[in-house]
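So the chains spell out like this:
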Amino acid sequence: GNHRCSLSGRDLNREWIRPDRHLYPEIWHLKNYLKHLKFVEGRNILMYTDFHGHSRRKNIFIYGCSSKGGKTAPSGNLLERIFPKLLSEVAPFFDYDTCSWKVQKGHHSTGRVVAWRQVGIRLSYTLEASLCGGDRVDYRAPEHESDHDTPEKEMDAQGKQPGH
């Protein structure tokens, strides 16, 4: 929470229910813009995503919203799980099994929950990326690779230019 404080010393992600225009202008303007798009212009906002760094858990995962509860939510909440599932198929550090759709106590004033409840954005997420690294894949280069084994160096050795 201390990595996303405003100049007023408050956690910006806990000020979404009724943000003060002068103390939290970033939140006030974004929330009002989302509400304007949805309720004044009648646009359908498909997805809202906050991007955060997580200080304890490893890898990348998502917190979503579900009125039916957490990890064991019934199949009626399948739509909310499609984006995280697709992400897990293409991103090695993304850990679908650690995602949660339960709105935890104390998180009702976060951006994702307010976007879901007050603005009506069904696919509302917080994507958390670990500040501690990941443990799902070995991200070290194999022993035989070195700095000069990049695609650019290989193309240069062949006399080719990138994009040709």
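Just above sits the structure.
It should be emphasised that the depicted structure is a prediction, and the values quoted were computed from it without experimental measurement.

A. Here's a closer look at the packing of aromatic side chains. Enumeration according to the criterion identifies 4 aromatic pairs in this entry. Judged by centre distance (5.9 Å) and plane angle (75°), the ring pair of tryptophan 16 and tyrosine 48 falls under edge-to-face. Of this pair, tryptophan 16 sits in the segment before helix 1 (25-40) while tyrosine 48 sits in strand 1 (residues 47-54), placing them 32 residues apart in sequence. The interplanar angle of 85° and the centroid separation of 5.4 Å between the aromatic rings of phenylalanine 61 and tyrosine 63 together place this pair among those described as edge-to-face. Against the face of phenylalanine 61 rests arginine 57, its NZ or CZ located 4.1 Å from the ring centre. When the ring centre of tryptophan 101 is taken as origin, the NZ or CZ atom of arginine 81, which lies over that ring, is 4.1 Å away.

B. Spatial organisation of the pattern of salt bridges. The final tally for this structure, using the stated rule, is 4 salt bridges. We note a salt bridge from glutamate 15 to arginine 10, for which the minimum N-O separation is 2.7 Å. Arginine 122 serves as the salt-bridge partner of glutamate 80, at 2.8 Å between the closest nitrogen and oxygen. Separated by 42 residues along the polypeptide, glutamate 80 in helix 2 (residues 78-90) and arginine 122 in the loop between helix 3 (111-117) and strand 3 (123-130) bring together distant segments of the chain. For glutamate 80, a relative accessible area of 5% puts it in the buried group.

Thresholds, definitions, all that
Residues numbered from 1 in each chain as written. Predicted model: local features only at pLDDT ≥ 70, side-chain atom pairs only at ≥ 80, totals over all residues. Heavy atoms only, no water. Phe/Tyr/Trp six-rings, centres within 6.5 Å; stacked < 30°, edge-to-face > 60°. Helix = DSSP H or I, 4+ residues; strand = E, 2+ residues; numbered from the N terminus. Lys NZ or Arg CZ within 6 Å of the ring centre and 35° of its normal. Salt bridge = Lys/Arg side-chain N within 4 Å of Asp/Glu carboxyl O. Buried < 20%, exposed > 50% of the residue type's maximum accessible area, 1.4 Å probe, protein only.

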